[in-house]
Amino acid sequence: MSEKVRIIETKRVPHGAVMLFGFPDVGLVGVIAASHLISELSLTEVAHMDSKLLPPLIVLHKGLPHSPVRIFGNHDTLLAVSETAISADTIYPVMHALIDWGRNTDVKMMISMSGIPIQDRQNVEELKVFAAASNSEILKMVQDKGVQVLKEGYMVGPQAIMMQHCANTDVPAIALLAQCFFNYPDPEAAAELLKELANISEIKADVSKLLEKGEEIRLKARDVMRRTQHEMSKMKKTQEFDIPLYVS
Amino acid sequence: MSSKKRRSIFEIIDEYFENLSEWAERFREELIEKPTWNNRTCTIEPLRNIMVTPTEVIITVDLPYAEENEIRVEPIGSDLIEISAKMKRKIRFDEFGMTQYEGEFKTLQCQTRIPVPVYTDKIEANFKKGILEIHLPRKHREEIPIE
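Residues numbered from 1 in each chain as written. Chains lettered and ligands numbered in written order. Predicted model: local features only at pLDDT ≥ 70, side-chain atom pairs only at ≥ 80, totals over all residues. Heavy atoms only, no water.

The next point concerns the overall build of chain A. Broken down by element type, chain A carries 8 helices and 11 strands. For 248 residues, the compact-globule formula gives about 18 Å, and the C-alpha radius of gyration of chain A, at 17 Å, lands near that figure. When its C-alpha atoms are laid out on the principal axes, chain A stretches across 40 × 40 × 35 Å. For chain A, with 248 residues in total, the buried portion stands at 55%. Considering only residue pairs separated by 6 or more positions, chain A has 79% of its internal contacts joining residues 24 or more positions apart. For chain A, the computed accessible surface area is about 11,400 Å², with 51% contributed by carbon and sulfur atoms. Once the 26 positive and 31 negative side-chain charges of chain A are each reduced to a mean point, those two points are 4 Å apart. (Helix = DSSP H or I, 4+ residues; strand = E, 2+ residues; numbered from the N terminus. Rg over C-alpha atoms; globule rule 2.2 N^0.38 Å. Buried < 20%, exposed > 50% of the residue type's maximum accessible area, 1.4 Å probe, protein only. Contact = heavy atoms within 4.5 Å. Areas by Shrake-Rupley, 256 points an atom, 1.4 Å probe, with all protein chains shown as cover. Lys, Arg positive; Asp, Glu negative; His and termini not counted. Charge placed at Lys NZ, Arg CZ, Asp CG, Glu CD.)

Here it is as structure tokens:
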């Protein structure tokens, strides 16, 4: 694990769990989905990140300080979530530290929850969820479950680093990406993603409350979305729209 | 005797672009480093986006809690649009769990500058899934003939 990033465990951490990631990205899909899972599955904080690479901030909850990057869990699920946009300069060590920590707890699978932006999103009634995987066996598994595969293209951001590091270290990993708004918080997309998560894993959550609270979430998430947009621009996130030129 | 080395044109260009990129970064920081609410005017600033196509400028605004028949789109001069929407209910700071501020918000409001000339008298707008979409046809200047 990187010396610049420490993961401090505060509770007993389950071994052999599925580890999810919900980081600020397009439509805040991952963060909204993560936040819903924490409340629906009653996940509790088991660890947090400590690093000088993170912005100099703490998040206050009920008057007590918390790291902006925390890991929640129960007996079979771990969920890493960030309440602040991670800058392009620090995203590598942050993601590597989380993945290496997950490997040390023998996670059986890592799943990144995020979005894939589409134009005219407000006119789309049925949102699709796509997947990419760290190896061909996992890719076949998601295909067999009926999930559409993201066949060609670029991936930018936390999920890109997760996929690459997991592939390099032989950790089974999936990136789940729901169609969403680029720069507006998208609770509907988060709900679609959670439905697909339930399809490919044992992690199941009722999304009705998430959809009911859609407007409240959109209003609350404006500031995180705004700052995330700033970091996405530094990461050249729009490269995901580019048509790739493959050298085979 | 001065030891100042004469700079090449490339160094001057590099410095120009470095300064330009620093300025752009500062400008972006200034835009982002301000609260998105104003408790004097009881307004919240919504997220918005602007896209320029060959024929029109499309502005979208995310308006959670907006009352559809209380949305106002108003041109201010030739290159500025003001958007305001009354919310279905008042939102208080304590609903966000914030007890350090007091106040309540009734309106979503923002202004957006339009980067190219448009016909502000030909605005069309629609509201779907909480997103306001404004279309402004572009004014095209005389085209340059290609020989």
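Back to the write-up after that little detour.
Turning our attention to the pairing of strand β8 (residues 109-117) of chain A. Residues and elements named next belong to chain A. Among the 9 residues that make up β8, 9 are buried, leaving the element largely enclosed by the rest of the structure. Here β8 shows a buried face lined by Met109, Ile111, Met113, Gly115 and Pro117 and a second buried face lined by Met110, Ser112, Ser114 and Ile116. Judged from the 5 bridges that link them, strand β2 (residues 18-22) and β8 form a sheet pairing that is parallel. Note on β8: the bridge partner recorded for phenylalanine 21 is serine 112. Pairing of β8 with strand β11 (residues 173-180), which is carried by 8 bridges, proceeds in the parallel orientation. Of the residues in β11, the one forming a bridge with serine 112 is alanine 175. (Pairing = 2+ DSSP bridges.)

As a further point, take the packing of aromatic side chains. For the structure on display, the rule yields 8 aromatic pairs over all chains. Between Phe21(A) and Phe23(A) the ring centres are 6.5 Å apart and the planes differ by 40 degrees, which places this aromatic pair in the tilted class. Judged by centre distance (5.0 Å) and plane angle (80 degrees), the ring pair of Phe93(B) and Phe105(B) falls under edge-to-face. Pair noted here: Phe93(B) is in the loop between β6 (80-92) and β7 (104-113) and Phe105(B) is in strand β7, with a separation of 12 residues, a long-range link. The same class applies to Phe93(B) and to Phe105(B), which are both buried. Taking NZ or CZ as reference, Arg121(A) lies 4.9 Å from the ring centre of Phe181(A), over its face. Above the ring of Tyr119(B), the side-chain terminus of Lys122(B) is found at 4.3 Å from the ring centroid. (Phe/Tyr/Trp six-rings, centres within 6.5 Å; stacked < 30°, edge-to-face > 60°. Lys NZ or Arg CZ within 6 Å of the ring centre and 35° of its normal.)

Quick look at a nonpolar patch on the surface now. Residue and element names in this part refer to chain B. On the surface, Ile9, Phe10, Ile12, Ile13, Tyr16 and Phe17 cluster together into a nonpolar patch covering about 650 Å² of accessible area. Here tyrosine 16 is to be found in helix α1 (residues 9-32). A relative accessible area of 52% places tyrosine 16 in the exposed class. (Patch = residues over 30% accessible without salt bridge, like charges linked within 9 Å, V, L, I, M, F, W, Y side chains within 5 Å. Salt bridge = Lys/Arg side-chain N within 4 Å of Asp/Glu carboxyl O.)

Here we take up the sheet that holds strand β9 (residues 131-137) of chain B. Each strand in a sheet pairs with its neighbour through backbone hydrogen bonds, running either in the same direction (parallel) or in the opposite one (antiparallel). Residues and elements named next belong to chain B. Judged by pairing direction, the sheet is antiparallel, and its 4 strands sit side by side in the order β3-β4-β9-β8 without closing on themselves. The sheet is open, and its two borders are formed by β3 (48-52) and β8 (124-128), each paired with just one other strand. In this sheet, neighbouring strand axes are inclined to one another by 15 degrees on average, regardless of whether the strands run parallel or antiparallel. As judged from the 5 bridges shared by β3 and strand β4 (residues 56-62), these two strands associate in the antiparallel manner. The residue of β4 that forms the bridge with valine 52 is valine 57. (Axes fitted to C-alpha atoms, helices over the stretch in contact; angles between N-to-C directions.)

It is worth spelling out the interface of chain A and chain B at this point. Many structure descriptions define interface size as the accessible area lost when the parts assemble. Taken together, the contact pairs 24 residues of chain A with 33 residues of chain B. Taking both partners together, chain A and chain B bury about 2,500 Å²; carbon and sulfur atoms supply 50% of that area. Looking at the side of chain A facing chain B, the largest losses of area belong to Tyr184(A), Leu219(A) and Arg222(A), adding up to 28% of the total buried there. For the pair chain A and chain B, the interface holds 4 salt bridges. Between Glu125(A) and Lys129(B) there is a salt bridge, with the nearest N and O atoms lying 3.8 Å from each other. The tally of links from chain A across to chain B stands at 13 residue pairs in polar contact (both at pLDDT 80 or more). Sorting the residues of the side of chain A that touches chain B by element identifies α7 (214-220) and α8 (222-234) of chain A as the ones contributing at least two each. For the side of chain A that touches chain B, the leading source of residues is α8(A), giving 8 residues. When the residues that make up the side of chain A that touches chain B are grouped by side-chain class, the tally is 6 nonpolar, 6 polar and 12 charged. (Buried area = accessible area lost by both parts, 1.4 Å probe. Polar contact = N/O pair within 3.5 Å; in protein donor to acceptor, adjacent residues only side chain to side chain. Nonpolar A, V, L, I, M, F, W, Y, C, P; charged D, E, K, R; others polar.)

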